[in-house]
Amino acid sequence: QVQLVESGGGLVQAGGSLRLSCAPSGRTFSIYGMGWFRQAPGKEREFVAGISWSVGSTSYADSVKGRFTISRDNAKNTVYLQMNSLKPEDTAVYYCAARNSPGSRYRYWGQGTQVTVSS
């Protein structure tokens, strides 16, 4: 099993920045990739960004390209989501997730952290 703990959410004004962190524990050797998802009230959960743990290749949703950056620090065993130029529509609960192989579903999920962007 893999456990994920997110941190770094909060309230920020439009145009501001936040950095989310996610620290996996447990059977971390089984992790191929990690991702960030978000779910706004009344909407389905959506993919935000993903990163492969070993190579560091990344992918982004079109809505966040150029504003958000996903990265990992293997020494600290932590994945980050740097969010810049935040917009009110970025308001959501953000979840960290992990998967065991390329193309597989994300199997492990964190508890979520609230991000609120005020206009």
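Residues numbered from 1 in each chain as written. Predicted model: local features only at pLDDT ≥ 70, side-chain atom pairs only at ≥ 80, totals over all residues. Heavy atoms only, no water.

> Quick rundown of the pairing of strand S9 (residues 92-99)? Include the residues and the values.
Where burial is concerned, most of S9 is hidden: seven out of the eight residues are buried. Pairing of S9 with strand S11 (residues 113-118) involves three bridges; the strand directions are antiparallel. Bridging from a neighbouring strand, Ala-92 pairs with Val-115 of S11. Relative to strand S10 (residues 108-109), S9 runs antiparallel, the two being bridged by two bridges. The partner of Ala-97 across the bridge, within S10, is Trp-109. (Buried < 20%, exposed > 50% of the residue type's maximum accessible area, 1.4 Å probe, protein only. Helix = DSSP H or I, 4+ residues; strand = E, 2+ residues; numbered from the N terminus. Pairing = 2+ DSSP bridges.)

> If you had to explain the pairing of strand S5 (residues 46-52) to someone new, which residues and values would you point to?
With respect to burial, S5 is a largely interior element, five of its seven residues being buried. Sheet topology places strand S4 (residues 33-39) next to S5; six bridges connect them, and they run antiparallel. Its bridge partner being in S5, Gly-33 is matched across the sheet by Ser-52. Hairpin connection of S4 to S5: six residues between the antiparallel strands, including Gly-42 at a positive phi of 80 degrees. As paired strands, S5 and strand S6 (residues 58-60) are joined by three bridges and run antiparallel to one another. The residue bridging Ala-49 from the neighbouring strand is Tyr-60, located in S6. The hairpin turn running from S5 into S6, its antiparallel successor, is five residues long, and Gly-56 in that turn takes a positive phi close to 90 degrees.

> Any details on the side chain of Arg-38? Residues and values, ideally.
Structurally, the position occupied by Arg-38 is in strand S4. A polar contact is formed between the side chain of Arg-38 and the side chain of Ser-63, at a distance of 3.5 Å. Reaching out from Arg-38, the side chain makes a polar contact with the side chain of Tyr-94 at a distance of 2.9 Å. What Arg-38 contacts, discounting residues up to four positions off in sequence, is Glu-44, Arg-45, Glu-46, Val-48, Ser-63, Val-64, Phe-68, Glu-89, Asp-90, Ala-92, Val-93 and Tyr-94. (Polar contact = N/O pair within 3.5 Å; in protein donor to acceptor, adjacent residues only side chain to side chain. Contact = heavy atoms within 4.5 Å.)

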